[in-house]
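# Working through the structure, step by step
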Amino acid sequence: MMSRNGMGWRSVVLLCLPVAALTGCGGGASHALVFSDDPEGSFGVTMPNIARGAPFTLVGMNLCVRGPAPVELVSVEPKITDGLRVSRFALHPRTPGWSALGTGVDLEAAGFDPENHTVRSACSPKGSDPMTSQPHDDFGVEFVRTRETTGTVQGLVVTYRDADGRAGALTINATLTLCDAADRTTPDCVDVQS
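Analysis parameters
Residues numbered from 1 in each chain as written. Predicted model: local features only at pLDDT ≥ 70, side-chain atom pairs only at ≥ 80, totals over all residues. Heavy atoms only, no water. Helix = DSSP H or I, 4+ residues; strand = E, 2+ residues; numbered from the N terminus. Polar contact = N/O pair within 3.5 Å; in protein donor to acceptor, adjacent residues only side chain to side chain. Contact = heavy atoms within 4.5 Å. Salt bridge = Lys/Arg side-chain N within 4 Å of Asp/Glu carboxyl O. Buried < 20%, exposed > 50% of the residue type's maximum accessible area, 1.4 Å probe, protein only. Phe/Tyr/Trp six-rings, centres within 6.5 Å; stacked < 30°, edge-to-face > 60°. Pairing = 2+ DSSP bridges. pLDDT = per-residue confidence, 0-100.

Bringing the side chain of Thr 150 into the picture now. Looking at the element boundaries, Thr 150 is found in the loop between strand E10 (136-145) and strand E11 (151-162). There is a polar contact of 3.0 Å between the side chain of Thr 150 and the backbone nitrogen of Asp 180. When near neighbours in sequence (up to four residues on either side) are disregarded, Thr 150 contacts Asp 82, Arg 145, Thr 177, Leu 178, Cys 179, Asp 180, Asp 183, Thr 186 and Cys 189.

What follows is about the pattern of salt bridges. Tallying each qualifying case throughout the model produces six salt bridges. When the shortest N-O distance is used, the salt bridge between Asp 180 and Arg 145 registers 3.3 Å. Here Asp 180 is found in the loop between strand E12 (167-178) and helix H1 (187-193), whereas its partner Arg 145 is found in strand E10, with 35 residues between them in sequence. The pair formed by Asp 180 and Arg 145 is uniform in burial state, with each residue classed as buried. A salt bridge links Asp 162 to Arg 166, with the nearest nitrogen and oxygen atoms 3.2 Å apart. Overall, the relative accessible area of 34% leaves Arg 166 in the partly exposed class. The structure contains a network of salt bridges with shared partners spanning Arg 88, Glu 108 and Glu 142.

Let us now look at the packing of aromatic side chains. Applying the stated rule across the entire model yields two aromatic pairs. Between Phe 89 and Phe 139 the ring centres are 6.4 Å apart and the planes differ by 65 degrees, which places this aromatic pair in the edge-to-face class. Linking Phe 89 in strand E7 (residues 84-94) with Phe 139 in strand E10, this pair joins segments that are 50 residues apart in sequence. For Phe 89, a relative accessible area of 0% puts it in the buried group.

The next point concerns unusual backbone geometry. One non-glycine residue, Asn 49, adopts positive backbone phi at about 55 degrees. When you line up the elements, Asn 49 lands in the loop between strand E4 (43-47) and strand E5 (55-66).

A few words on the environment of Ala 109. Relative to the helices and strands, Ala 109 is located in the loop between strand E8 (101-106) and strand E9 (118-119). Accessibility expressed as a relative area gives 45% for Ala 109, which makes it partly exposed. Remark: the alpha-carbon pair of Ala 109 and Thr 57, spanning 52 residues in sequence, is separated by 9.4 Å.

Once that is clear, we can look at the pairing of strand E6 (residues 71-82). Relative to E9, E6 is paired through two bridges, and the arrangement is antiparallel. Bridge pairing in E9 places Glu 72 opposite Thr 118. Looking at chain direction, E6 and E11 are connected through 10 bridges and run antiparallel. Paired with Glu 77 across the bridge in E11 is Val 157.

Before going further, it helps to spend a moment on the confidence of the model for the protein chain. A low pLDDT score tells you not to read the predicted coordinates there in detail. Looking at the protein chain, the pLDDT average stands at 77 and 71% of residues meet or exceed 70. Highest mean pLDDT in the protein chain belongs to E6 (96); lowest belongs to strand E1 (residues 7-14) (29). Considering only residues more than four positions removed or in separate chains, one finds that residues 1-30, a stretch of pLDDT under 50, has 146 contacts.

See the structure below:
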């Protein structure tokens, strides 16, 4: 399980996010934490040559609150993991039109305060473009590859508490692959490393 922390800046890759995906809330929370306005969306990122133990921060994930804000993030855990772990996470304000990026660095190097776990931004009105109509909170998650070979994560479960202390959960349909430099068998790694 991963709780509150940070990011960096080495190599940058645009994510295939038309502002990809997810929704969720649970546990009776009166606030609904939202990842974009597309409940069916998903995205994937594959990064070449990420050394074991080196941080990689996935950034550019748009979080907002549908209902009264703020919402405090409690933890971030992979749904399925094979050789990667979440080491830290954080938020910072994002302005409309900001692009989604992944970085090969830790949270601080990517511009995040690892102590900031509060989502304050209200979601855009239904029917408006969530990326251009108003600011949102950028969600950054720092990962570390824990084994010698390529590691992957499929899905992130974000738990949170509303202002009344009630718990909720949001699942982000993200796939992250951090390739070992010597990997010549994992199809996504072969594609990005050739």
